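Structural overview for review
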Amino acid sequence: MSTLLVTGAAGRIGTVLRGGLPERGWAVRCLDVVPIVETRPGEEHVVADVTDLAAVTDATTGAAAVVHLAGLSGEAPWPAISHANIEGTYAVLKAARRAGVRRVVLASSNHASGFTPRPAGGQLREADAPPRPDTYYGVAKVALEALGSLYADRYGMDVVCLRIGTASAEPTALRHLSTWLSPADTVSLVDAALTAPSPGFVVVWGVSANTRNWWDLTAARALGYEPQDDAEVYAEALVEAYGEPDPTDPVHARVGGEFTLPGYDAEAVEARAAGGEHP
Ligand code: 15L
């Protein structure tokens with residue numbers, strides 16, 4: 001078994017990976033700022049802040065690869081996002097380089113390009129979705145991809161950025177019919193990103209084989225990703241509850257969906273966090 005460091009291992013995606021990656025030959029070393037309550041046999045555990053470079057370097061030493069998930073998973077005030085998500089990614093890449101780890105998989109997000117409109121026809125390739133963040137959270141994912149690109153070019157590391165859609169047990173909103181990444185496909189995608197021969201630097205969408213996908217999976221499939229699940233099996237119930245998606249609604253017409261709406265405006269989010277009103 002090869003040792004894999006997973007940052008943010010206590011979170012939603014981390015928990016899915018801890019369940020599925022061991023049977024694909026990975027011994028998981030978990031790093032998180034909170035202790036993991038329900039540990040699994042064979043796991044190692046490190047409790048540390050992902051921005052603590054010394055601790056992350058220690059945790060990375062001896063690993064064959066790193067999967068970096070740690071950070072805030074939605075919009076938040078700038079100081080919190082820039083610390084956890086940007087400083088954290090910097091520390092993980094620097095630690096990997098120092099520890100001689102050559103493969104890093106970074107959890108990016110569709111929100112790195114959230115304001116990109118849906119193409120009139122066909123599917124959107126990553127190359128046609130350059131940075132266009134919808135939130136500070138999205139800005140941090142742009143920074144994550146940029147840091148990954150720098151480390152790949154500068155140090156010859158393999159860095160795979162996964163622009164994850166909606167990673168959840170099952171779709172619960174109409175948008176998810178196009179953005180869902182199932183738990184089983186999450187494991188397959190990350191395993192492909194870890195094992196693809198010499199990918200260099202690459203950015204790929206992370207969604208299941210959804211009938212209603214409009215993010216193109218060609219680049220992800222080129223890594224060896226073979227998605228098995230399709231959100232369409234949930235379509236009847238969701239359409240009955242909410243009606244057919246309106247393609248002119250920004251939630252369905254932009255990559256980032258509701259993150260592009262006024263409620264996610266940074267000032268509104270900061271005012272809510274401070275307990276005040278949006279000016
Ligand atoms: C993300 O990046 C978030 O972490 C998650 O909470 C969802 O909002 C997801 O994107 C999505 O776009 O559905």
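Details of the structure are given in the entry above.
Bringing helix α6 (residues 183–195) into the picture now. Every α-helix winds through 3.6 residues per turn, so residues three or four apart in the chain are directed the same way. Between the first and last C-alpha of α6 there are 19 Å, a value that for 13 residues agrees with the 18 Å anticipated at 1.5 Å per step. Along α6, 10 of the 13 residues are buried, which leaves the element largely enclosed by surrounding structure. Listing the buried residues of α6 in full gives D185, T186, V187, S188, L189, V190, D191, A192, A193 and L194.

Here the structure, examined in full by the defined rule, presents 7 aromatic pairs. An angle of 75 degrees between the planes, with centres 5.5 Å apart, marks the rings of W180 and Y234 as edge-to-face. Highlighted residues: W180 in strand β8 (residues 180–181) and Y234 in the loop between α7 (218–222) and α8 (235–242), separated in sequence by 54 residues. The exposure class of W180 is buried, given its relative accessible area of 3%. Ring centres of W205 and W215 lie 4.9 Å apart, and the angle between their planes is 20 degrees; on these two criteria the pair is classed as stacked. A residue pair is termed long-range when its members are at least 10 positions apart, and W205 in strand β9 (residues 201–206) and W215 in the loop between β9 and α7 qualify at 10 residues. When sorted by exposure, W205 lands in the same class as W215, which is buried. In this structure an aromatic cluster arises from ring pairing among Y137, F259 and Y264. Cation over ring: R97 sits above Y155, and NZ or CZ is 3.8 Å from the ring centre. Positioned over the ring face of W205 is R163, at 5.4 Å from the centre of the ring.

The next point concerns the site of the ligand. Near the ligand you find R12, S73, S109, N110, H111, Y137, G165, T166, R175 and F259, and these make up its full shell. Computed on the free molecule, the ligand has an accessible area of 320 Å², of which 81% lies beneath the protein chains in the complex. A per-class count over the shell around the ligand returns 2 nonpolar, 6 polar and 2 charged.

Read from one edge to the other, the open sheet built from 7 strands follows the order β3-β2-β1-β4-β5-β6-β9, with strand pairing classed as parallel. Two strands lie at the open edges of the sheet, namely β3 (44–47) and β9, each paired on one side alone. Along the sheet, successive strands turn relative to each other by an average axial angle of 20 degrees, direction set aside. Direction of pairing for strand β1 (residues 2–7) relative to strand β2 (residues 26–32): parallel, over a ladder of 6 bridges. Note on β2: the bridge partner recorded for L5 is R29. This element, helix α2 (residues 53–60), spans β1, β2, β3 and β4 (65–68) of the sheet and lies at about 170 degrees to β2. Lying on the sheet, α6 is in contact with β1, β2, β4, β5 (103–109), β6 (158–164) and β9; it crosses β5 at an angle near 140 degrees.

Criteria and cut-off values
Residues numbered from 1 in each chain as written. Predicted model: local features only at pLDDT ≥ 70, side-chain atom pairs only at ≥ 80, totals over all residues. Heavy atoms only, no water. Helix = DSSP H or I, 4+ residues; strand = E, 2+ residues; numbered from the N terminus. Expected span 1.5 Å × (residues − 1). Buried < 20%, exposed > 50% of the residue type's maximum accessible area, 1.4 Å probe, protein only. Phe/Tyr/Trp six-rings, centres within 6.5 Å; stacked < 30°, edge-to-face > 60°. Lys NZ or Arg CZ within 6 Å of the ring centre and 35° of its normal. Near = heavy atom within 4 Å. Areas by Shrake-Rupley, 256 points an atom, 1.4 Å probe, with all protein chains shown as cover. Nonpolar A, V, L, I, M, F, W, Y, C, P; charged D, E, K, R; others polar. Pairing = 2+ DSSP bridges. Axes fitted to C-alpha atoms, helices over the stretch in contact; angles between N-to-C directions. Contact = heavy atoms within 4.5 Å.

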